[in-house]
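Here are the chains, one letter per residue:
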Amino acid sequence: MTGLARRPERLAALQKTTFDVLVVGGGITGAAVARDAASRGLSVALIEREDWASGTSWRSSKLVHGGLRYLQSGALSLVYESLAERERLLRLAPHLVSPLEFLFAVLPGRWVSRPVLAAGLTLYDWLSLGRGAPRHRRLGRRETLAAEPLLAGAPFSGGAIYRDARADDARLTLENVLDAAALGAVPVSRVAFQKPLRNPDGECPAASLRDVESGTVFPVRARVTIRAAGPWSDALRRTEDAAAAARMRLSLGAHVTVPASRLPVARAVAIPVESSRLLFAIPSGPVTLLGTTDTEYRGDPDAAAPRPEDVAYLLARAGEAFPSAALGLEDVVAAFAGLRTLRIGRRGEVARASREEILETSPGEVSVAGGKLTTHRRMAVRAVDAAVAVLGDAGARARVSATRDRSFPGTPEGPFEAFVADFVRRAAGSGVPAGAARHLALRYGARAEEVVSLVRETPALARPIVPGLPDLEAEALFAARSEDARDVSDVLIRRTHVFWQARGQGAEAASRVAEILRAELGWTSAETEQSRARYLAEVSRSRAAVATRV
Ligand code: FAD
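Keep in mind that this is a model prediction, so the values were computed, not measured.

**Some words on the overall build of the protein**
When helices and strands are counted, the protein shows 17 helices and 18 strands. Taking 550 residues into account, the globule formula puts the C-alpha radius of gyration at 24 Å, and the protein, at 23 Å, falls close to it. Once the C-alpha set of the protein is aligned to its principal axes, its extents read approximately 70 × 55 × 50 Å. Taking all 550 residues of the protein together, 60% fall into the buried category. The long-range fraction of contacts in the protein, counting pairs at least 24 apart against all pairs at least 6 apart in sequence, stands at 72%. Counting every atom, the protein has about 21,100 Å² of accessible surface; 54% of that belongs to carbon and sulfur.

**Brief notes about empty space enclosed by the protein**
Taken as a whole, this structure holds three cavities of 30 Å³ or more when the rule is applied. In this model, the largest cavity occupies a volume close to 80 Å³. Lining the largest cavity we find Trp58, Arg59, Ala304, Ala305, Pro306, Ala335, Phe336, Ala337, Phe499, Glu538, Arg541 and Ser542. Elements that contribute at least two residues to the lining of the largest cavity include exactly β16 (334-343) and α17 (525-547). Taken together, the residues of the lining of the largest cavity sort by class into eight nonpolar, one polar and three charged. Put simply, the second largest cavity is a space of about 40 Å³.

**A look at helix α9 (residues 376-391)**
Over its 16 residues, α9 extends 22 Å from the first C-alpha to the last, a length consistent with the 22 Å expected when each residue adds 1.5 Å. Those residues of α9 that sit buried are His376, Arg377, Met379, Ala380, Val381, Ala383, Val384, Ala386, Ala387, Val388 and Leu391.

**Looking at the pattern of salt bridges**
One pass over the structure, following the stated rule, counts 58 salt bridges. For Arg10, the salt bridge is made with Asp484, and the minimal N-O distance between the two is 3.2 Å. Separated by 474 residues along the polypeptide, Arg10 in helix α1 (residues 7-16) and Asp484 in the loop between α13 (473-482) and α14 (488-495) bring together distant segments of the chain. The exposure class assigned to Arg10 is buried, which follows from its relative accessible area of 1%. The residue Glu483 makes a salt bridge to Arg171 at a minimum N-O spacing of 2.6 Å. Here Glu483, found in the loop between α13 and α14, pairs with Arg171, found in helix α6 (residues 169-182); they are 312 residues apart in sequence, far enough to count as distant. Each of the two residues, Glu483 as well as Arg171, counts as buried. A single salt-bridge network, built from bridges that share partners, covers Glu81, Glu85, Arg88, Glu357, Arg377, Arg378 and Arg382.

**Some remarks on the packing of aromatic side chains**
The relation between two aromatic rings is expressed through the spacing of the ring centres and the mutual angle of the planes. Within the structure shown, the criterion is met by 10 aromatic pairs. Residues Tyr444 and Phe478 carry aromatic rings whose centres are separated by 5.5 Å and whose planes lie at 80 degrees to one another, so their mutual orientation is edge-to-face. Here Tyr444 is found in helix α11 (residues 434-444), whereas its partner Phe478 is found in helix α13, with 34 residues between them in sequence. Looking at Tyr444, the relative accessible area reads 0%, which means it is buried. Note on Phe478: relative accessible area 2%, which makes it buried. Through pairs of rings, three or more aromatic residues link up here, namely Trp58, Phe336, Phe499, Trp500 and Tyr535.

**Here's the deal with the nonpolar core**
Counting residues in each nonpolar core, the largest one holds 79 residues, and the members touching the most others are Phe104, Phe423 and Tyr535. Among all residues touching Phe423, those that are not within four sequence positions of it are Ala437, Leu440, Ala441, Ala448, Glu449 and Val452.

**Some thoughts on the site of the ligand**
Near the ligand there are 37 residues, and of these Thr29, Thr56, Ser57, Leu63 and Thr374 occur at the shortest range. Between the ligand and Gly55, the relevant distance is 3.5 Å, taken from an oxygen atom to a main-chain nitrogen or oxygen of the residue. Look at the ligand: alone it shows 1,000 Å² of surface, and the protein chains cover 94% of it. Elements supplying a minimum of two residues to the shell around the ligand: α2 (28-39), β8 (191-197), β11 (248-259) and β16. Across the shell around the ligand, the residue classes tally to 13 nonpolar, 18 polar and six charged.

**Notes on the packing of helix α3 (residues 76-92) against helix α4 (residues 114-127)**
Orientation of α3 relative to α4, taken along the N-to-C sense of each, is 55 degrees, at an axis distance of 9 Å. Our classification of the angle between α3 and α4 gives oblique. Relative to α4, the crossing made by α3 is right-handed. For the pair α3 and α4, contact is made by Leu76, Val79, Tyr80, Leu83 and Arg86 and by Leu123, Tyr124 and Leu127, respectively.

**A few points about helix α10 (residues 416-428)**
Since the α-helix advances by 3.6 residues per turn, residues separated by three or four positions end up pointing in the same direction. With 13 residues, α10 extends 19 Å from end C-alpha to end C-alpha; this agrees with the ideal 18 Å at 1.5 Å per step. Among all positions of α10, only Phe416, Phe419, Val420, Phe423, Val424 and Ala427 are buried. Here the buried residues of α10 occupy an arc of 130 degrees about the axis, which is enough to place them on one side. The inward-facing, buried residues of α10 abut α11 and α12 (448-457).

**Examining the pairing of strand β6 (residues 158-167)**
Burial runs high along β6: nine of the 10 residues are buried. Bridge count between strand β3 (residues 63-64) and β6: two bridges; the pairing is antiparallel. Pairing of Val64 across the sheet is with Ala165, part of β6. For strand β4 (residues 97-106) and β6, the ladder comprises 10 bridges, and the chain directions are antiparallel. Bridge pairing in β6 links Glu101 to Arg163. Of the pairings in the sheet, the one linking strand β5 (residues 137-139) to β6 comprises three bridges and is antiparallel in character. Following the sheet pairing, Arg137 is matched in β6 by Ile161.

About the cut-offs
Residues numbered from 1 in each chain as written. Predicted model: local features only at pLDDT ≥ 70, side-chain atom pairs only at ≥ 80, totals over all residues. Heavy atoms only, no water. Helix = DSSP H or I, 4+ residues; strand = E, 2+ residues; numbered from the N terminus. Rg over C-alpha atoms; globule rule 2.2 N^0.38 Å. Buried < 20%, exposed > 50% of the residue type's maximum accessible area, 1.4 Å probe, protein only. Contact = heavy atoms within 4.5 Å. Areas by Shrake-Rupley, 256 points an atom, 1.4 Å probe, with all protein chains shown as cover. 1 Å grid on protein atoms, 1.4 Å probe; cavity = no way out; pocket = protein on both sides within 12 Å on 5 of 7 lines; lining within 4 Å. Points joined across faces, edges and corners; volume = space filled by probe spheres on them. Nonpolar A, V, L, I, M, F, W, Y, C, P; charged D, E, K, R; others polar. Expected span 1.5 Å × (residues − 1). Salt bridge = Lys/Arg side-chain N within 4 Å of Asp/Glu carboxyl O. Phe/Tyr/Trp six-rings, centres within 6.5 Å; stacked < 30°, edge-to-face > 60°. Core = buried A, V, L, I, M, F, W, Y, C linked by side-chain atoms within 4.5 Å. Near = heavy atom within 4 Å. Polar contact = N/O pair within 3.5 Å; in protein donor to acceptor, adjacent residues only side chain to side chain. Axes fitted to C-alpha atoms, helices over the stretch in contact; angles between N-to-C directions. Parallel < 35°, antiparallel > 145°, perpendicular 65-115°, else oblique. Left-handed = near helix turned anticlockwise from the far one by under 90°. Arc of directions from axis to C-beta. Pairing = 2+ DSSP bridges.

Written out as structure tokens, the structure is:
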């Protein structure tokens with residue numbers, strides 16, 4: 001079975017098959033684990049209790065980066081691995097991961113001086129040696145100001161330009177799921193892991209699952225379970241032992257977006273703030289993304305949301321670096337927050353805690369959490385290696401991962417820019433304007449052809465979801481038909497970027513998108529209204545942090 005159509009068939013397959021591997025959690029980690037395991041020829045089920053990437057994996061800073069600041073803590077192997085994966089993703093997934101130039105501005109009294117920056121970037125270059133990345137360029141104060149005039153009035157002493165990359169985090173997750181399906185895995189969203197069903201010897205050959213849409217509870221059989229539940233890892237352990245002590249530490253990271261016209265940075269800017277951290281200002285189409293905070297979080301992961309103090313902090317730090325922009329609460333387009341999953345250990349600031357992954361093995365189970373979006377593929381290789389060891393003889397045929405040089409479902413043949421130019425030329429024949437065609441090619445790669453064919457069938461679908469933004473109504477239909485979108489939020493938050501890029505966060509578009517989904521998914525009027533209302537509640541959660549001045 002391939003693809004993400006026909007949910008009922010996938011659900012039935014979950015109940016009929018004895019799988020080698022059950023993967024719990026459809027964020028980037030679980031999706032990559034399923035892809036890796038399927039690439040080795042194992043039979044794989046992947047379940048996610050909500051939408052793909054609906055946990056942490058759409059709430060990142062959307063960078064695929066070495067992590068310059070981790071050099072400060074001596075995490076050389078993490079930086080080295082990240083740089084290798086960055087270059088690999090640029091090559092294998094050019095529609096999902098693209099180069100991003102950074103200006104690093106040094107502010108006196110912060111944790112990076114000019115000599116420390118020069119040493120760090122030299123090491124960064126050295127660690128990516130031979131991978132084709134350009135070397136960094138150091139700048140004096142005047143050159144830094146010429147590179148970024150918005151820094152005028154800030155007390156910076158100089159800077160440097162270097163290259164990293166950005167990703168569409170939610171769509172990178174989705175393409176891992178799509179590829180896992182293409183390799184034979186059975187991925188089903190809106191199915192929750194309830195508890196393990198153990199043998200008398202303590203092993204766990206089965207688990208009790210719940211179809212969130214129908215409420216039906218059913219068992220699944222699998223030789224090994226790989227838990228990839230991110231911030232919900234402790235909650236998953238407590239499905240069996242309600243009193244189990246916490247093993248993870250969580251840190252809340254918030255972002256805000258402001259209109260690009262209010263902070264038109266020429267390239268991404270990194271500004272050192274306290275606790276060895278950086279504030280990023282990242283140009284992202286119609287908005288500039290500002291992030292992030294890093295504060296200990298002890299509450300329920302489901303309730304994590306940006307707080308008024310997070311928004312105030314980000315605006316204050318941006319105000320120090322870009323005083324002339326005079327950003328205020330009224331400029332904020334959207335706010336969102338996610339949780340970093342960190343190893344519990346020594347006390348101290350979460351910002352200084354290790355970003356290495358947490359991999360644990362027990363009879364019949366592997367648990368993997370933490371780490372980075374950037375290193376998802378390598379984390380998956382290690383988690384599946386651990387699962388193969390747990391499988392013993394049954395895993396003997398599955399020793400080698402085949403993801404190292406494997407492209408993604410949307411990866412086009414040949415050089416990416418040539419593909420985009422050719423696609424735009426061909427789409428013009430279907431009446432798709434060049435701007436829209438370019439947008440589709442950059443977002444979907446070779447799969448953009450399928451979206452254009454929807455426009456060919458129904459030309460009205462070429463309308464933008466929100467006037468002034470590139471996202472098309474055809475994308476909402478494509479999301480429901482071919483990308484497992486089952487809610488207005490799936491379309492507006494994760495398949496497109498309307499939630500964090502549109503003024504008003506697309507609240508006015510929710511009815512129209514709900515109608516498109518109703519027609520495709522056969523919803524009743526009540527279901528259509530509930531889906532619209534859920535999206536508006538997400539928008540309210542985002543606005544709540546902006547509504548209060550602290
Ligand atoms: P998640 O994405 O949280 O996935 C876990 C999934 O498990 C969830 O979707 C959840 O719904 C599901 N789940 C939970 N319980 C159950 C259950 N009972 N049954 C079924 N499913 C269940 N990394 C980078 O490389 N670059 C960055 O720029 C970057 N920026 C970041 C910024 C912030 C603010 C944060 C918080 C992290 C950032 N990271 C970044 C790290 C990166 O985002 C995370 O490492 C990654 O997204 C974690 O993915 P995951 O799959 O482990 O967790």
